[in-house]
Amino acid sequence: MPRFDLPAPELRSYRPEVAEPADFDDFWEQTLAESRALAQPIQLRRIDSPLQAVEVYDVTFSGFGGDPIGGWLLLPTGAEGPLPTVVEFNGYGGGRGLPHERLGWAAAGYAHFFMDTRGQGSGWGTGGVTADPHGSGPATPGYMTRGIEDPHDYYYRRVYTDAVLAIDAVRTLDRIDSARVAVCGGSQGGAIAIAAAALSSGLIAAMPDVPFLCHFERSVGLTDRDPYNEIVRYLSVHRDAAERTFATLSYFDGVNLARRATAPALFSVALMDPVCPPSTVYAARNHWGGSADIVEYAFNEHEGGLGLQWQKQAAFLAEQLAG
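So, here is what we can say about the structure in this document. Because the structure is a prediction, the values reported are computed rather than measured.

## Considering the pairing of strand 6 (residues 176-186)
Phase 1 of the analysis: The pairing of strand 4 (residues 83-89) with strand 6 spans six bridges and is parallel. If you follow Leu83 over to strand 6, its bridge partner there is Ile176.
Phase 2 of the analysis: Where strand 6 lies against strand 7 (residues 205-209), five bridges are found, and the strand directions are parallel. Looking at strand 7, one finds that Cys184 is bridged to Met207.

## Brief notes about empty space enclosed by the protein
Phase 1 of the analysis: One pass over the full model with this rule turns up one cavity of 30 Å³ or more.
Phase 2 of the analysis: Here the largest cavity defines a volume of roughly 50 Å³.
Phase 3 of the analysis: What lines the largest cavity is simply Trp72, Leu74, Arg96, Leu98, Pro99, Arg102, His112 and Phe114.
Phase 4 of the analysis: For the lining of the largest cavity, the elements supplying multiple residues, two or more each, are strand 3 (68-76) and strand 5 (111-115).

## Some details on the pairing of strand 2 (residues 54-62)
Phase 1 of the analysis: When you tally the buried positions in strand 2, you get eight out of nine residues, the bulk of the element.
Phase 2 of the analysis: Alignment of strand 1 (residues 43-46) against strand 2, held across four bridges, turns out to be antiparallel. Note that in strand 2 the partner of Arg46 across the bridge is Tyr57.
Phase 3 of the analysis: As paired strands, strand 2 and strand 3 are joined by nine bridges and run antiparallel to one another. Paired with Thr60 across the strands is Gly70, a residue of strand 3.
Phase 4 of the analysis: Between strand 2 and strand 3, which pair antiparallel in sequence order, lie five residues; one of them, Gly65, sits at a positive phi of approximately 65 degrees.

## Describing helix 2 (residues 24-36)
Phase 1 of the analysis: In a regular helix each residue adds 1.5 Å, so 13 residues correspond to 18 Å; helix 2 covers 18 Å between its end C-alpha atoms and thus fits that length.
Phase 2 of the analysis: All of the buried residues along helix 2 are Phe24, Phe27, Trp28, Thr31, Leu32 and Ser35. What you see down the axis of helix 2 is that its buried residues fit within an arc of 115 degrees, all on one side. With respect to the buried face of helix 2, the exposed residues turned more than 90 degrees away are Asp26 and Glu29.
Phase 3 of the analysis: On its buried face, helix 2 sits against helix 4 (155-170), helix 5 (188-199) and helix 9 (254-258).

## Quick notes on the pattern of salt bridges
Phase 1 of the analysis: On inspection of all chains with the given rule, the structure shows 18 salt bridges.
Phase 2 of the analysis: Put simply, Glu20 and Arg260 hold a salt bridge, and the shortest N to O gap is 2.8 Å. Highlighted residues: Glu20 in the loop between helix 1 (8-12) and helix 2 and Arg260 in the loop between helix 9 and strand 8 (265-270), separated in sequence by 240 residues.
Phase 3 of the analysis: A relative accessible area of 36% places Glu20 in the partly exposed class.
Phase 4 of the analysis: You can call Arg260 partly exposed: its relative accessible area is 22%.

## Looking at the side chain of Thr130
Phase 1 of the analysis: With respect to the secondary-structure elements, Thr130 resides in the loop between strand 5 and helix 4.
Phase 2 of the analysis: The class for Thr130 is buried, based on a relative accessible area of 7%.
Phase 3 of the analysis: At a separation of 3.0 Å, a polar atom in the side chain of Thr130 contacts the main-chain amide nitrogen of Gly70.

What counts and how
Residues numbered from 1 in each chain as written. Predicted model: local features only at pLDDT ≥ 70, side-chain atom pairs only at ≥ 80, totals over all residues. Heavy atoms only, no water. Pairing = 2+ DSSP bridges. Helix = DSSP H or I, 4+ residues; strand = E, 2+ residues; numbered from the N terminus. 1 Å grid on protein atoms, 1.4 Å probe; cavity = no way out; pocket = protein on both sides within 12 Å on 5 of 7 lines; lining within 4 Å. Points joined across faces, edges and corners; volume = space filled by probe spheres on them. Buried < 20%, exposed > 50% of the residue type's maximum accessible area, 1.4 Å probe, protein only. Expected span 1.5 Å × (residues − 1). Arc of directions from axis to C-beta. Contact = heavy atoms within 4.5 Å. Salt bridge = Lys/Arg side-chain N within 4 Å of Asp/Glu carboxyl O. Polar contact = N/O pair within 3.5 Å; in protein donor to acceptor, adjacent residues only side chain to side chain.

Any functional reading would require information that these geometric values do not contain.
See the structure below:
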(Lines give C-alpha, C1' and ligand atoms only; values in the text may rest on other atoms or scores of the structure.)
Protein backbone atom coordinates (compact mmCIF):
# COMPACT_ATOMS: atom_id res chain seq x y z
CA MET A 1 0.00 0.00 0.00
CA PRO A 2 1.61 3.31 -1.01
CA ARG A 3 1.28 6.36 1.19
CA PHE A 4 -2.09 7.88 0.34
CA ASP A 5 -2.76 10.35 3.15
CA LEU A 6 -1.26 13.71 4.07
CA PRO A 7 2.55 14.15 4.07
CA ALA A 8 4.11 13.36 7.43
CA PRO A 9 4.78 17.00 8.44
CA GLU A 10 1.13 17.87 7.80
CA LEU A 11 -0.08 14.82 9.68
CA ARG A 12 1.82 15.85 12.79
CA SER A 13 -0.05 19.15 12.98
CA TYR A 14 -3.40 17.92 11.64
CA ARG A 15 -6.09 19.11 14.06
CA PRO A 16 -9.41 19.26 12.21
CA GLU A 17 -12.69 20.59 13.47
CA VAL A 18 -15.00 17.62 13.96
CA ALA A 19 -18.74 18.10 14.50
CA GLU A 20 -19.74 17.57 18.12
CA PRO A 21 -23.34 17.36 19.37
CA ALA A 22 -24.39 19.96 21.95
CA ASP A 23 -25.60 17.28 24.35
CA PHE A 24 -22.51 15.07 24.04
CA ASP A 25 -21.58 15.19 27.74
CA ASP A 26 -25.18 14.81 28.92
CA PHE A 27 -25.63 11.83 26.61
CA TRP A 28 -22.68 9.98 28.10
CA GLU A 29 -23.38 11.03 31.69
CA GLN A 30 -26.91 9.66 31.45
CA THR A 31 -25.82 6.51 29.62
CA LEU A 32 -23.25 5.61 32.25
CA ALA A 33 -25.49 6.50 35.19
CA GLU A 34 -28.26 4.24 33.90
CA SER A 35 -25.95 1.24 33.49
CA ARG A 36 -24.08 1.81 36.74
CA ALA A 37 -27.40 1.74 38.57
CA LEU A 38 -27.95 -1.80 37.24
CA ALA A 39 -24.46 -3.16 37.93
CA GLN A 40 -23.96 -6.33 39.98
CA PRO A 41 -20.73 -7.29 41.78
CA ILE A 42 -17.99 -8.67 39.56
CA GLN A 43 -17.72 -12.48 39.53
CA LEU A 44 -14.40 -14.32 39.39
CA ARG A 45 -13.79 -18.03 39.00
CA ARG A 46 -10.24 -19.35 39.07
CA ILE A 47 -9.71 -21.93 36.35
CA ASP A 48 -7.26 -24.80 36.02
CA SER A 49 -4.51 -23.87 33.61
CA PRO A 50 -1.14 -25.25 32.51
CA LEU A 51 0.25 -21.78 33.19
CA GLN A 52 2.42 -21.87 36.32
CA ALA A 53 3.57 -18.26 36.48
CA VAL A 54 0.09 -16.78 36.06
CA GLU A 55 -3.20 -17.17 37.92
CA VAL A 56 -6.14 -17.24 35.51
CA TYR A 57 -9.65 -16.08 36.39
CA ASP A 58 -12.76 -16.32 34.24
CA VAL A 59 -14.58 -13.02 34.86
CA THR A 60 -18.14 -11.80 34.42
CA PHE A 61 -19.09 -8.18 35.11
CA SER A 62 -22.11 -5.98 34.43
CA GLY A 63 -21.90 -3.86 31.30
CA PHE A 64 -24.40 -1.71 29.43
CA GLY A 65 -27.93 -2.21 30.73
CA GLY A 66 -26.69 -4.72 33.30
CA ASP A 67 -25.77 -7.19 30.53
CA PRO A 68 -23.21 -9.85 31.59
CA ILE A 69 -19.83 -9.31 29.90
CA GLY A 70 -16.98 -11.81 29.95
CA GLY A 71 -13.27 -11.37 30.28
CA TRP A 72 -10.02 -12.86 31.53
CA LEU A 73 -8.10 -11.63 34.56
CA LEU A 74 -4.47 -12.73 34.71
CA LEU A 75 -2.37 -12.16 37.84
CA PRO A 76 1.29 -12.99 38.44
CA THR A 77 1.27 -16.12 40.61
CA GLY A 78 1.72 -15.28 44.27
CA ALA A 79 2.08 -11.56 43.69
CA GLU A 80 0.85 -9.51 46.61
CA GLY A 81 -1.57 -6.75 45.81
CA PRO A 82 -2.59 -4.19 45.18
CA LEU A 83 -1.14 -4.45 41.68
CA PRO A 84 -0.93 -1.88 38.88
CA THR A 85 -3.39 -3.00 36.24
CA VAL A 86 -3.77 -2.94 32.47
CA VAL A 87 -7.30 -3.18 31.05
CA GLU A 88 -7.16 -4.19 27.38
CA PHE A 89 -9.75 -4.11 24.59
CA ASN A 90 -9.79 -6.16 21.41
CA GLY A 91 -9.79 -5.52 17.67
CA TYR A 92 -12.80 -5.73 15.37
CA GLY A 93 -14.38 -9.17 15.13
CA GLY A 94 -12.24 -10.81 17.81
CA GLY A 95 -13.23 -12.21 21.19
CA ARG A 96 -11.38 -12.70 24.44
CA GLY A 97 -9.76 -15.85 23.07
CA LEU A 98 -7.76 -18.06 25.43
CA PRO A 99 -5.78 -16.79 28.41
CA HIS A 100 -2.39 -18.09 27.29
CA GLU A 101 -2.55 -15.94 24.15
CA ARG A 102 -1.81 -12.69 26.04
CA LEU A 103 0.78 -13.15 28.76
CA GLY A 104 2.94 -10.05 28.31
CA TRP A 105 1.41 -7.75 30.92
CA ALA A 106 1.07 -10.40 33.62
CA ALA A 107 4.62 -11.60 32.93
CA ALA A 108 5.77 -8.00 33.41
CA GLY A 109 4.21 -7.90 36.88
CA TYR A 110 0.84 -6.30 36.15
CA ALA A 111 -2.67 -7.47 36.72
CA HIS A 112 -4.16 -7.79 33.23
CA PHE A 113 -7.87 -7.72 32.44
CA PHE A 114 -8.89 -8.49 28.86
CA MET A 115 -12.50 -7.59 28.03
CA ASP A 116 -14.59 -9.69 25.68
CA THR A 117 -16.40 -7.55 23.07
CA ARG A 118 -20.13 -8.14 23.06
CA GLY A 119 -21.50 -9.88 20.00
CA GLN A 120 -18.06 -10.37 18.46
CA GLY A 121 -15.54 -13.19 18.62
CA SER A 122 -16.35 -15.14 15.47
CA GLY A 123 -14.33 -13.25 12.86
CA TRP A 124 -10.81 -14.36 13.82
CA GLY A 125 -8.85 -15.70 16.79
CA THR A 126 -10.16 -18.31 19.22
CA GLY A 127 -13.60 -16.98 20.04
CA GLY A 128 -15.64 -14.97 22.51
CA VAL A 129 -18.38 -15.73 25.03
CA THR A 130 -20.45 -12.52 25.29
CA ALA A 131 -23.78 -12.02 23.56
CA ASP A 132 -25.25 -8.70 22.51
CA PRO A 133 -28.94 -9.13 23.34
CA HIS A 134 -30.04 -5.84 21.79
CA GLY A 135 -31.68 -5.64 18.40
CA SER A 136 -31.12 -3.29 15.50
CA GLY A 137 -32.98 -1.63 12.67
CA PRO A 138 -31.80 -1.96 9.05
CA ALA A 139 -28.03 -2.44 8.94
CA THR A 140 -25.25 -3.79 6.76
CA PRO A 141 -23.43 -6.98 7.81
CA GLY A 142 -20.93 -6.19 10.56
CA TYR A 143 -21.22 -3.89 13.57
CA MET A 144 -20.72 -0.40 12.16
CA THR A 145 -24.34 0.34 11.25
CA ARG A 146 -26.20 -1.57 13.97
CA GLY A 147 -28.65 0.90 15.48
CA ILE A 148 -27.17 3.77 13.50
CA GLU A 149 -30.52 5.50 13.12
CA ASP A 150 -30.34 6.77 16.73
CA PRO A 151 -27.32 7.25 19.03
CA HIS A 152 -29.25 5.63 21.91
CA ASP A 153 -29.51 2.42 19.88
CA TYR A 154 -26.05 2.45 18.32
CA TYR A 155 -23.88 -0.60 18.90
CA TYR A 156 -20.84 1.28 20.20
CA ARG A 157 -22.90 2.98 22.91
CA ARG A 158 -23.09 -0.45 24.47
CA VAL A 159 -19.44 -1.35 23.85
CA TYR A 160 -18.04 1.92 25.21
CA THR A 161 -20.24 1.60 28.29
CA ASP A 162 -18.98 -1.96 28.79
CA ALA A 163 -15.43 -0.65 28.76
CA VAL A 164 -16.06 2.00 31.42
CA LEU A 165 -17.90 -0.46 33.64
CA ALA A 166 -15.06 -2.97 33.20
CA ILE A 167 -12.76 -0.42 34.80
CA ASP A 168 -15.30 0.21 37.56
CA ALA A 169 -15.56 -3.52 38.24
CA VAL A 170 -11.84 -4.26 38.22
CA ARG A 171 -11.22 -1.40 40.65
CA THR A 172 -13.37 -3.16 43.27
CA LEU A 173 -10.98 -6.13 43.51
CA ASP A 174 -8.66 -6.39 46.52
CA ARG A 175 -5.57 -7.26 44.47
CA ILE A 176 -6.03 -4.30 42.11
CA ASP A 177 -4.63 -0.85 42.85
CA SER A 178 -7.57 1.32 41.78
CA ALA A 179 -5.29 4.36 41.49
CA ARG A 180 -2.91 2.65 39.05
CA VAL A 181 -5.08 1.48 36.15
CA ALA A 182 -4.13 1.93 32.50
CA VAL A 183 -6.04 1.09 29.30
CA CYS A 184 -4.81 -0.15 25.94
CA GLY A 185 -5.92 -1.80 22.74
CA GLY A 186 -5.28 -1.95 19.02
CA SER A 187 -7.56 -0.84 16.16
CA GLN A 188 -11.12 -1.19 17.52
CA GLY A 189 -9.47 -1.82 20.88
CA GLY A 190 -7.60 1.46 20.50
CA ALA A 191 -10.88 3.28 19.90
CA ILE A 192 -12.41 1.65 22.97
CA ALA A 193 -9.34 2.64 25.00
CA ILE A 194 -9.83 6.27 23.90
CA ALA A 195 -13.48 6.12 24.97
CA ALA A 196 -12.61 4.49 28.28
CA ALA A 197 -9.99 7.16 28.98
CA ALA A 198 -12.46 9.93 28.16
CA LEU A 199 -15.35 8.53 30.18
CA SER A 200 -13.44 7.20 33.23
CA SER A 201 -11.51 9.21 35.77
CA GLY A 202 -8.17 8.69 37.44
CA LEU A 203 -6.45 6.49 34.86
CA ILE A 204 -2.68 6.50 34.98
CA ALA A 205 -2.19 6.00 31.22
CA ALA A 206 -3.90 5.26 27.90
CA MET A 207 -2.20 3.45 25.02
CA PRO A 208 -4.30 3.48 21.82
CA ASP A 209 -2.58 1.49 19.08
CA VAL A 210 -3.53 2.34 15.44
CA PRO A 211 -7.00 3.34 16.70
CA PHE A 212 -10.19 2.89 14.72
CA LEU A 213 -13.45 4.94 14.94
CA CYS A 214 -11.78 8.36 14.70
CA HIS A 215 -12.87 11.26 12.44
CA PHE A 216 -15.63 9.23 10.81
CA GLU A 217 -16.43 11.59 7.94
CA ARG A 218 -12.81 11.68 6.75
CA SER A 219 -12.29 7.96 7.27
CA VAL A 220 -15.36 6.95 5.30
CA GLY A 221 -14.35 9.17 2.40
CA LEU A 222 -10.67 8.24 2.40
CA THR A 223 -10.50 4.45 2.58
CA ASP A 224 -12.32 1.72 0.68
CA ARG A 225 -11.54 -0.92 3.31
CA ASP A 226 -13.82 -2.52 5.85
CA PRO A 227 -14.96 -1.87 8.49
CA TYR A 228 -15.42 1.79 7.45
CA ASN A 229 -16.77 0.61 4.12
CA GLU A 230 -19.75 -0.92 5.92
CA ILE A 231 -20.95 2.68 6.38
CA VAL A 232 -20.36 3.41 2.69
CA ARG A 233 -22.44 0.40 1.66
CA TYR A 234 -25.21 1.44 4.05
CA LEU A 235 -25.32 4.99 2.70
CA SER A 236 -25.19 3.77 -0.90
CA VAL A 237 -28.59 2.18 -0.21
CA HIS A 238 -29.99 4.67 2.32
CA ARG A 239 -29.21 7.59 0.08
CA ASP A 240 -30.93 10.26 2.16
CA ALA A 241 -29.54 9.12 5.53
CA ALA A 242 -26.06 10.71 5.51
CA GLU A 243 -26.88 13.64 7.80
CA ARG A 244 -28.60 11.43 10.35
CA THR A 245 -25.85 8.79 10.14
CA PHE A 246 -22.98 11.16 10.81
CA ALA A 247 -24.98 12.87 13.56
CA THR A 248 -25.20 9.50 15.32
CA LEU A 249 -21.52 8.74 14.76
CA SER A 250 -20.46 12.09 16.24
CA TYR A 251 -21.34 10.78 19.72
CA PHE A 252 -18.81 7.97 19.26
CA ASP A 253 -16.03 9.74 17.34
CA GLY A 254 -12.62 9.21 18.89
CA VAL A 255 -11.75 12.86 18.22
CA ASN A 256 -14.63 14.13 20.36
CA LEU A 257 -13.79 11.64 23.07
CA ALA A 258 -10.07 12.42 22.94
CA ARG A 259 -10.79 16.04 23.86
CA ARG A 260 -12.10 14.80 27.20
CA ALA A 261 -9.26 12.40 28.03
CA THR A 262 -6.55 13.69 30.36
CA ALA A 263 -4.46 10.61 31.22
CA PRO A 264 -0.97 10.61 29.68
CA ALA A 265 -1.22 8.79 26.35
CA LEU A 266 1.02 6.87 23.98
CA PHE A 267 -0.49 6.46 20.50
CA SER A 268 0.87 4.58 17.54
CA VAL A 269 0.17 5.17 13.85
CA ALA A 270 1.17 3.39 10.64
CA LEU A 271 1.69 5.73 7.73
CA MET A 272 0.64 3.15 5.12
CA ASP A 273 -2.44 2.02 7.05
CA PRO A 274 -5.42 1.67 4.65
CA VAL A 275 -7.81 0.55 7.41
CA CYS A 276 -7.36 3.41 9.91
CA PRO A 277 -5.92 6.26 7.83
CA PRO A 278 -3.05 8.02 9.61
CA SER A 279 -4.67 11.47 9.48
CA THR A 280 -7.61 10.12 11.48
CA VAL A 281 -5.27 8.78 14.16
CA TYR A 282 -3.45 12.09 14.31
CA ALA A 283 -6.81 13.91 14.54
CA ALA A 284 -7.51 12.08 17.81
CA ARG A 285 -3.99 12.39 19.15
CA ASN A 286 -3.78 16.13 18.38
CA HIS A 287 -7.08 16.77 20.19
CA TRP A 288 -6.10 14.72 23.26
CA GLY A 289 -6.91 16.61 26.45
CA GLY A 290 -3.64 15.72 28.18
CA SER A 291 -0.09 14.92 27.13
CA ALA A 292 0.05 12.53 24.18
CA ASP A 293 3.12 11.02 22.52
CA ILE A 294 2.91 9.05 19.30
CA VAL A 295 5.10 6.44 17.61
CA GLU A 296 5.13 6.42 13.80
CA TYR A 297 5.68 3.29 11.73
CA ALA A 298 6.52 4.73 8.32
CA PHE A 299 6.44 1.51 6.28
CA ASN A 300 3.67 -0.46 7.97
CA GLU A 301 0.02 -0.97 7.24
CA HIS A 302 -2.60 -1.75 9.87
CA GLU A 303 -0.38 -4.21 11.73
CA GLY A 304 1.57 -1.22 13.04
CA GLY A 305 4.43 -1.93 15.40
CA LEU A 306 3.23 -5.27 16.85
CA GLY A 307 5.74 -6.56 19.43
CA LEU A 308 7.96 -3.51 19.14
CA GLN A 309 5.04 -1.27 20.08
CA TRP A 310 4.31 -3.44 23.12
CA GLN A 311 7.87 -2.88 24.30
CA LYS A 312 7.40 0.86 23.91
CA GLN A 313 4.11 0.68 25.80
CA ALA A 314 5.72 -1.25 28.64
CA ALA A 315 8.51 1.34 28.93
CA PHE A 316 5.98 4.19 28.77
CA LEU A 317 3.77 2.67 31.47
CA ALA A 318 6.76 2.04 33.74
CA GLU A 319 7.66 5.73 33.38
CA GLN A 320 4.13 6.79 34.35
CA LEU A 321 4.20 4.56 37.42
CA ALA A 322 7.63 5.83 38.44
CA GLY A 323 6.48 9.42 37.97
